[in-house]
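These are the residues of each chain, in order.
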Amino acid sequence: MSNKIYYIASCDTCRKIIKTLPKGINLTFRDIKQDPLTEEELAEMYQSSGSYEALFSKKAQLYKSMNLKDKSLTEEDYKKYILEHYTFLARPVFMIDGNVYVGGTQQNMLQVMKALGNV
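Below or above, wherever it landed, is the structure these notes cover. Computed from a predicted model, the values in this text were never measured in an experiment.

## A few points about the pairing of strand β3 (residues 93–96)
Look at any regular strand and the pattern is simple: side chains alternate between the two faces of the sheet.
Link 1 in the chain: Alternating positions in β3 separate into two faces, V93 and M95 on one and F94 and I96 on the other, with burial throughout.
Link 2 in the chain: Examined bridge by bridge, strand β1 (residues 4–7) and β3 share three bridges and lie antiparallel to one another. Opposite I5, over in β3, you have F94 as the bridge partner.
Link 3 in the chain: As paired strands, β3 and strand β4 (residues 99–102) are joined by four bridges and run antiparallel to one another. Looking at β4, one finds that F94 is bridged to Y101.
Link 4 in the chain: Counting the residues that bridge the hairpin from β3 to β4 gives two residues, and of these D97 lies at a positive phi of roughly 50 degrees.

Below, the structure is given as structure tokens:
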């Protein structure tokens, strides 16, 4: 199983994070805007995270414009929205050795660097 980063090339946060990654790491880069997530990939992320909500971006402009914050969303809703539109996946998402790391927080990136063997 290869280690992957799911990101959006036009996302400033993703670009900043990618620049901080050590050179020569064994990561497959996947721009989900150009190459959308499959249901199988999302299922793999779900198995590691235990929740579609944990993978869902409540910062997405579509989340606000669709008034989803005013709705009571179920796990199935989160799954459906993530598969319908790439912007709903919180990003970046790292899949490293079967573990999932979601988002670009400092603490999360520290865990990613440890998992990649660079800390």
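## With respect to the pattern of salt bridges
Link 1 in the chain: The full count for this structure, using the stated rule, is seven salt bridges.
Link 2 in the chain: Put simply, D12 and R15 hold a salt bridge, and the shortest N to O gap is 2.4 Å. Here the residue D12 and the residue R15 both occupy positions in helix α1 (residues 12–20), the gap between them amounting to three residues, near one helical turn.
Link 3 in the chain: It is possible to trace a salt-bridge network through shared partners that takes in R30, D35 and E41.

## Quick word on the side chain of S51
Link 1 in the chain: As for its position among the elements, S51 is in the loop between α2 (39–49) and α3 (61–65).
Link 2 in the chain: Exposure remark for S51: the relative accessible area of 16% places this residue in the buried category.
Link 3 in the chain: Side-chain polar atoms of S51 contact the backbone nitrogen of A54, separated by 3.0 Å.
Link 4 in the chain: Excluding anything up to four places from it in sequence, S51 contacts Y46 and E75.

How each quantity is defined
Residues numbered from 1 in each chain as written. Predicted model: local features only at pLDDT ≥ 70, side-chain atom pairs only at ≥ 80, totals over all residues. Heavy atoms only, no water. Buried < 20%, exposed > 50% of the residue type's maximum accessible area, 1.4 Å probe, protein only. Helix = DSSP H or I, 4+ residues; strand = E, 2+ residues; numbered from the N terminus. Pairing = 2+ DSSP bridges. Salt bridge = Lys/Arg side-chain N within 4 Å of Asp/Glu carboxyl O. Polar contact = N/O pair within 3.5 Å; in protein donor to acceptor, adjacent residues only side chain to side chain. Contact = heavy atoms within 4.5 Å.

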